[in-house]
Amino acid sequence: MNILQIDDLHKSFRENDVISGLDLSVEENTIYGFIGSNGSGKTTTMKMVLGLLKQDAGQIHVNGEKVTFGHTATNRYIGFLPDVPEFYAYMNAEEYLKLCAEITDIRKSGQKERIDHLLALVGLQGVETRIKTYSRGMKQRLGIAQALINQPKLLICDEPTSALDPKGRREILNILQQIKGETTVIFSTHILTDVERICDKAGILYEGKIRKEIDLKKEALGEKGIVVELMPEEYEVLSGELPLERLDENKYRVTGLPIETVYRLLNTHKIYPDHLVRERKTLEDVYLEVTS
Ligand SMILES: Nc1ncnc2c1ncn2[C@@H]1O[C@H](COP(=O)(O)OP(=O)(O)OP(=O)(O)O)[C@@H](O)[C@H]1O
């Protein structure tokens, strides 16, 4: 079942058509990477999913229920992590989560267990210091714990790793991977290596629509070319016969030809390179193809 279903969504700000016919479905217990450049409309889309912004046209369903602007009933299924989460900085993590549990009406009897579980999940168990002393990464981890307090079916994260250093990013990605069994995760980002690392699917938002969706678990992203290492004299022989793009001193990329053709030509000239590999496309290559 699709936990999130968006059909033919439209949103303009005056003459700026930000979202124009967006279709998107996210299956339960998956991690979906919502990719788009600055200003492509990721936050705008998420605000509409949260019922905080009114769409001009189109439908959004969360867990099968229609999202209606201003009526945030469907938000009981959603946990939200903004890019820069805000807290009561004078509290510590446990106190803050206790407050969140009370506000969200979690039964008193289950509160301690839930909070202990979340603190352990995000690596803040036993951290007594106040939130105001936290690093950005710690705040982001606490933000995840807060967003998960009422066991949402869908966790929406808006650029959760953008402001973090590599260690902080890895910690967040590990947590998102761990919770996949309990909740579906959709996260917006333009850090494509993060998407490659943990997402099941990725959708590229460009000019108001998902222009390409990639099933990262099933599809190889295709071949970018063949990389071959050649000595200068070998290059001289082949340069008239192969489209050779120089990558570094002795490495060249051949694009648009099957590997058999390249082998045959090398064989004809009795050139046997030490290095000859098929080069796979990265998500960045696909993204650049779609958006340029
Ligand atoms: N309330 C608003 N009024 C007018 N224009 C807006 C409003 N909110 C967003 N926009 C415009 O809509 C476009 C999309 O913005 P949005 O914040 O959704 O992009 P984004 O993909 O989240 O970008 P980023 O990666 O920079 O966060 C931008 O051109 C922005 O200026």
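Residues numbered from 1 in each chain as written. Predicted model: local features only at pLDDT ≥ 70, side-chain atom pairs only at ≥ 80, totals over all residues. Heavy atoms only, no water.

- As recorded by an unreviewed UniProt entry, the protein chain carries the name ABC-2 type transport system ATP-binding protein and is attributed to Lacicoccus alkaliphilus DSM 16010.

Focus: the site of the ligand
Okay, so step 1: Neighbouring the ligand are Phe13, Asn16, Val18, Ser37, Asn38, Gly39, Ser40, Gly41, Lys42, Thr43, Thr44 and Glu159.
Okay, so step 2: Here glycine 39 contributes a backbone N or O atom positioned 2.8 Å from an oxygen atom of the ligand.
Okay, so step 3: In this structure, an oxygen atom belonging to the ligand sits 3.2 Å away from a main-chain N or O atom of serine 40.
Okay, so step 4: For the ligand, whose unbound accessible area comes to 640 Å², protein coverage reaches 59%.
Okay, so step 5: At the level of elements, strand E2 (16-27) and helix H1 (42-49) are the ones that each hand at least two residues to the shell around the ligand.
Okay, so step 6: Of the residues forming the shell around the ligand, the biggest block, three residues, is contributed by H1.
Okay, so step 7: Across the shell around the ligand, the residue classes break down as two nonpolar, eight polar and two charged. (Near = heavy atom within 4 Å. Polar contact = N/O pair within 3.5 Å; in protein donor to acceptor, adjacent residues only side chain to side chain. Areas by Shrake-Rupley, 256 points an atom, 1.4 Å probe, with all protein chains shown as cover. Helix = DSSP H or I, 4+ residues; strand = E, 2+ residues; numbered from the N terminus. Nonpolar A, V, L, I, M, F, W, Y, C, P; charged D, E, K, R; others polar.)

What about empty space enclosed by the protein?
Okay, so step 1: Tallying each qualifying case throughout the model produces one cavity of 30 Å³ or more.
Okay, so step 2: Taken as a whole, the largest cavity holds about 40 Å³ of empty space.
Okay, so step 3: If you tally residues by element for the lining of the largest cavity, the top one is H1, at three residues.
Okay, so step 4: When the residues that make up the lining of the largest cavity are grouped by side-chain class, the tally is eight nonpolar, one polar and no charged. (1 Å grid on protein atoms, 1.4 Å probe; cavity = no way out; pocket = protein on both sides within 12 Å on 5 of 7 lines; lining within 4 Å. Points joined across faces, edges and corners; volume = space filled by probe spheres on them.)

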